Amino acid sequence: MLLQATGITKSYGIQNILDGISLMVNEKERVGLVGVNGAGKSTFLQILAGELSYDSGQIHKAKETTIGYLAQNSGLQSDKTIQEEMLAVFAPLLEAEAELRQLETDIADPALADDPKRYEELLERYARRSDWFRDHGGYEMNTRIRSVLHGMGFGDFSPDTPIATLSGGQKTRLALARILLQAPDLLMLDEPTNHLDIETLTWLEDYLRGYAGGILVVSHDRYFLDRLVTTIVEIERHQSRRYTGNYSRYMELKAAEYEIRMKQYEKQQEEISRMEDFVQRNIVRASTTKRAQSRRKALDKMERIDKPLGDLKKASFSFEPDFMSGKEVLQLREVAVAFSEGAKPLFQKASFELRRGETAALIGPNGIGKSTLLQCLTGTRQPSAGTVNWGTKVKIAYYDQEQTRLNPNNTVLEELWSEYPMLEEARIRTILGNFLFSGEDVLKKVAALSGGEKARVALSKLMLRGANMLILDEPTNHLDLVSREVLEAALMDFEGTLLFISHDRYFLNKMAERVLELHPDGIDQYLGNYDDYIAKKQELEAIAAEEAELAAARLSRSAVSEAPAAEKGTALSYEADKQAKREERNRQRRITELEEKISALEEAIADIEHEMTRPEVFQDYMALQEHEGKLKDHKEQLTDLFSEWEILAAE
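Computed from a predicted structure; not experimentally measured.

1. Notes on the packing of helix H12 (residues 412-419) against helix H13 (residues 425-434)
Piece 1. Relative orientation of the contacting elements H12 and H13 amounts to 120 degrees, with a least axis distance of 10 Å. It follows from the interaxial angle that H12 and H13 lie oblique. Crossing angle aside, the handedness with which H12 passes H13 is right-handed. Listed contacts from H13 to Val412, Leu413, Leu416 and Trp417 of H12 are Glu425, Ile428, Arg429, Ile431 and Leu432.
Piece 2. Looking at the contact of H12 with H13, its residues break down into seven nonpolar, no polar and two charged.

2. Structural notes on the sheet that holds strand E4 (residues 56-61)
Piece 1. Sheet architecture is open: three strands sit in the order E2-E1-E4, paired in antiparallel fashion. In this open sheet, the two edge strands, each paired with only one partner strand, are strand E2 (15-25) and E4. When the angles between neighbouring strand axes are averaged without regard to direction, this sheet yields 20 degrees.

3. So, the pairing of strand E9 (residues 239-244)
Piece 1. Of the pairings in the sheet, the one linking strand E8 (residues 231-236) to E9 comprises six bridges and is antiparallel in character. Paired with threonine 231 across the bridge in E9 is threonine 244.
Piece 2. The antiparallel hairpin formed by E8 and E9 contains two residues in its connecting segment, where arginine 237 sits at a positive phi of about 55 degrees.

4. Structural notes on the pattern of salt bridges
Piece 1. Inspection of every chain in the model, using the stated rule, returns 38 salt bridges.
Piece 2. Between lysine 536 and glutamate 539 there is a salt bridge, with its nearest N and O atoms 3.8 Å apart. Pair noted here: lysine 536 and glutamate 539 are both in helix H17 (residues 530-562), with a separation of three residues, about one helical turn.
Piece 3. Residue lysine 536 is classed as partly exposed on the basis of its relative accessible area of 36%.
Piece 4. In the salt-bridge network here, residues are joined through shared partners; they are Glu205, Asp206, Asp221, Arg227 and Arg505.

5. Some thoughts on the packing of aromatic side chains
Piece 1. Across all of its chains, the model carries 10 aromatic pairs by this definition.
Piece 2. Ring geometry for phenylalanine 133 and tyrosine 139: centres 5.1 Å apart, planes at 85 degrees, overall edge-to-face.
Piece 3. With a centroid separation of 5.1 Å and 75 degrees between ring planes, the pair formed by phenylalanine 500 and phenylalanine 507 is classed as edge-to-face. Exposure class is identical for phenylalanine 500 and phenylalanine 507. Each is buried.
Piece 4. Among the aromatic residues, those joined into a ring-pair cluster are Tyr223, Tyr526, Tyr530 and Tyr533.
Piece 5. Positioned above the aromatic ring of tryptophan 132, the side-chain terminus of arginine 129 is 5.0 Å from the ring centre.
Piece 6. Positioned above the aromatic ring of phenylalanine 154, the side-chain terminus of arginine 173 is 4.9 Å from the ring centre.

6. Details of unusual backbone geometry
Leaving glycine aside, a negative phi is the common case for residues, and trans is the common case for peptide bonds.
Piece 1. Residue glutamate 191 is not a glycine yet carries a positive backbone phi of 50 degrees.
Piece 2. Inspection of the secondary structure puts glutamate 191 in the loop between strand E6 (186-190) and helix H7 (198-209).

7. Some words on the nonpolar core
Piece 1. Counting residues in each nonpolar core, the largest one holds 46 residues, and the members touching the most others are Phe317, Phe319, Leu459, Leu470, Leu491 and Phe500.
Piece 2. The element best represented in this core is helix H14 (residues 451-465), accounting for seven residues.
Piece 3. Counting residues in each nonpolar core, the second largest holds 44 residues, with Leu93, Ala177, Ile179 and Leu204 among its members.

8. Examining the environment of aspartate 106
Piece 1. Topologically, aspartate 106 is positioned in helix H3 (residues 91-107).
Piece 2. Considered as a pair, aspartate 106 and glycine 496 are 390 residues apart in the sequence and their alpha carbons are 78 Å apart.
Piece 3. For aspartate 106, the residues in contact, after removing those within four places along its chain, are Leu112 and Leu122.

9. As for H12
Piece 1. What H12 keeps buried is the set Val412, Leu413, Glu415 and Leu416. Projection of H12 onto a plane perpendicular to its axis shows the buried side chains occupying an angular sector of 165 degrees, all on one side.
Piece 2. Looking at the buried side of H12, the elements it contacts are H13 and H14.

Thresholds applied
Residues numbered from 1 in each chain as written. Predicted model: local features only at pLDDT ≥ 70, side-chain atom pairs only at ≥ 80, totals over all residues. Heavy atoms only, no water. Axes fitted to C-alpha atoms, helices over the stretch in contact; angles between N-to-C directions. Helix = DSSP H or I, 4+ residues; strand = E, 2+ residues; numbered from the N terminus. Parallel < 35°, antiparallel > 145°, perpendicular 65-115°, else oblique. Left-handed = near helix turned anticlockwise from the far one by under 90°. Contact = heavy atoms within 4.5 Å. Nonpolar A, V, L, I, M, F, W, Y, C, P; charged D, E, K, R; others polar. Pairing = 2+ DSSP bridges. Salt bridge = Lys/Arg side-chain N within 4 Å of Asp/Glu carboxyl O. Buried < 20%, exposed > 50% of the residue type's maximum accessible area, 1.4 Å probe, protein only. Phe/Tyr/Trp six-rings, centres within 6.5 Å; stacked < 30°, edge-to-face > 60°. Lys NZ or Arg CZ within 6 Å of the ring centre and 35° of its normal. Core = buried A, V, L, I, M, F, W, Y, C linked by side-chain atoms within 4.5 Å. Arc of directions from axis to C-beta.

Listed below in structure tokens is the structure:
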């Protein structure tokens, strides 16, 4: 066990934030901490990190356990360069290295030849320090720094770059890189996926999955949680509950748990109703009074089951266009953007089209110009070259990830009312209530709102716009998991056209019908969602690799035909070896495909067999027959797949 917290409470005045929160993290365990915005997740992490006091409860950790804590949006503040700051993590190793260099100088001193004892002592100390330096990773130090910096998106940065010159997002990424290099026993990360593009996110996931220590992470990224964590701890209504599995499994378990508790409650309520009815009917009859009194006593002693609390109140909204646009919504032709005349373009030759009702996702690495391209579409920036043509009757609404369109001096009520003055106050309050602003909340200043609250205000303004073309820049940033699901549902029902930027891969998978990948020389288009995009990219990379091999093979054959006889045998052997490697790759790829299909079929069979044990199925002849038919088909497919797998695995 790395860390255990029991019964932690925290209040601010009369407001309870945490009320008896418990959590345990074991060695190598990956725990996801989830809950709606304002549930107290960040507060709890600060308490565990020792940065915030708590009112009651206990926290236990072994003295030798080291903890690395990354607060949300906590950029690295330093007057050092990137290289200096990363090397500072390895201060003991650098001291040892300096000592070894000094020992080498001392050992090489000719004057030491006259002092054999001193010479032996130096050699012995050098051996001990060399072993310590090697065992603690001294020789891998610079390689680790380069690897982590490259993974976190600093591969193209000069090591001498001053940290003070970096943006806020870059400083946050660098703070995360520093903690990863420290490699503490327990990593505590609060929203580590903020400011990361998809490539960096994927690298971080893979790095953390292979991490030797334990991990406690707060995240609203469902894809990230599904790939990384093995345990979910939910904070809801100031209390915690633990679930085994990733985020998707937690959602299943929570729903099943609620259903079971509701059935238990309803069953007891039926029993109570029957007993109360019996008492009322029989209490006055002489012949049944004793039995009625006995039932009344049983009712008094009964331990009542509380009605299970349902889901927390969710935001509720929809995007309804005031009118329909024309069929051709947007035409982008050869657009380029450069920040000054004569400068190298950020991107160029960007072209795509949108038709009514389409949903497209714009993706690409951080800094490539995605938000800049959206600014060209909304007219807040003029492209350096190319044309942007909108179709007829297109009404645009733009969601800015930086929330620059919100006036920090307005109250929440004034922010909506100032833009839609024709609406009555009661109507504005109703709309804000749908976005979870009730009572005095509507009188809060925008400047005092959290990131999630500002996002909900911006979405409420977007909804009132009545647009038929939505342009959204990172709409899920700052939203908790529940609010993301509500937004997805609203956008799925939207009857207009949608273009959005997002690094939320779950959102991309659910929403995108087409993926537009922006790069310096234009836009590549892919049909389907994020998973389809990844599959197509891998397919194209495999084709390119095979074409490169074929080209190399052709060159090899050409060389063979021109080479002396003695050299032809070697070249032919090389070509045969290349062919064998290609066939082996294809075999391994097919084995992986088969194993994935076998796993999916086995899960499907287990689900069907579980369904067949339910009374409503096994007591219904038609339903049971249908399940048996599916089960037979699945098992036949499984047999065929296993046969092919065994043949390939034996080669």
